[in-house]
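Observations on the three-dimensional arrangement
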Amino acid sequence: MEKHRKKRGNSFSIFQLCSKGAKNIFILAMVVFTLYPVIYILIGSFKTNAELTSGVRFFPEKWQFQNYY
């Protein structure tokens, strides 16, 4: 025997939309939480020692490329 099912199309319930939205927000938060320290260290490597210890600005005032020489 063949089972007949009704096709609903692309309709989603409110619960499905909320659960997908919550999952996406959680994944985005984890990505930001994971990548922020890496980006901060990378940008901090171009700062002078004074700028690095003061911690006032996120980006360096003057990019110091001699840190990599």
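Read on for a plain summary of the structure.

Quick notes on the rules
Residues numbered from 1 in each chain as written. Predicted model: local features only at pLDDT ≥ 70, side-chain atom pairs only at ≥ 80, totals over all residues. Heavy atoms only, no water. Helix = DSSP H or I, 4+ residues; strand = E, 2+ residues; numbered from the N terminus. Buried < 20%, exposed > 50% of the residue type's maximum accessible area, 1.4 Å probe, protein only. Phe/Tyr/Trp six-rings, centres within 6.5 Å; stacked < 30°, edge-to-face > 60°. Salt bridge = Lys/Arg side-chain N within 4 Å of Asp/Glu carboxyl O. Contact = heavy atoms within 4.5 Å. Expected span 1.5 Å × (residues − 1). Bend = angle between axes of the 7 residues up to and from the residue. Lys, Arg positive; Asp, Glu negative; His and termini not counted. Polar contact = N/O pair within 3.5 Å; in protein donor to acceptor, adjacent residues only side chain to side chain. Patch = residues over 30% accessible without salt bridge, like charges linked within 9 Å, V, L, I, M, F, W, Y side chains within 5 Å. Areas by Shrake-Rupley, 256 points an atom, 1.4 Å probe, with all protein chains shown as cover.

Along its length, the protein carries 2 helices and 0 strands. A burial count over the protein gives 10% of its 69 residues as buried.

The next thing to look at is the packing of aromatic side chains. Enumeration over the complete set of coordinates arrives at 7 aromatic pairs. The interplanar angle of 65° and the centroid separation of 5.3 Å between the aromatic rings of Phe46 and Phe65 together place this pair among those described as edge-to-face. Here Phe46 is found in the loop between α1 (14-44) and α2 (49-54), whereas its partner Phe65 is found in the segment after α2, with 19 residues between them in sequence. Relative accessible area serves as the criterion here: at 48%, Phe65 is assigned to the partly exposed category. What links up through ring pairs into an aromatic cluster is the set Tyr36, Tyr40, Phe58 and Phe59.

Overall, the coordinates contain 1 salt bridge when judged by the stated rule. In this structure, Glu61 engages Arg57 in a salt bridge whose closest nitrogen and oxygen atoms are separated by 3.9 Å.

The next thing to look at is the side chain of Gln64. Considering the arrangement of structural elements, one finds Gln64 in the segment after α2. Excluding residues within four positions of it along the chain, Gln64 makes contact with Ser45, Phe46, Lys47 and Thr48.

This part covers α1. Taking 1.5 Å of rise per residue, the 31 residues of α1 would be expected to cover 45 Å, and the 44 Å separating its terminal C-alpha atoms lies within 8% of that figure. The largest bend in α1 amounts to roughly 30° and is located at Leu35, with the proline Pro37 lying one to four residues further along.

Our next topic: the side chain of Lys47. Within the secondary structure, Lys47 is located in the loop between α1 and α2. Notably, Lys47 is buried but unbridged: the nearest opposite-charge side chain belongs to Glu51, and the N-O separation is 6.7 Å. Polar contacts involving the side chain of Lys47 include one to the main-chain carbonyl oxygen of Arg57, which spans 2.8 Å.

Okay, a nonpolar patch on the surface next. Nonpolar side chains collect at one region of the surface, where Phe26, Ile27, Met30, Val31, Phe33, Leu35 and Ile39 lie side by side and expose about 680 Å² of accessible area between them. You can see Met30 is positioned in helix α1. Under the relative-accessibility criterion, Met30 is labelled partly exposed at 36%.

Function cannot be inferred from these measures alone, as they are strictly geometric.
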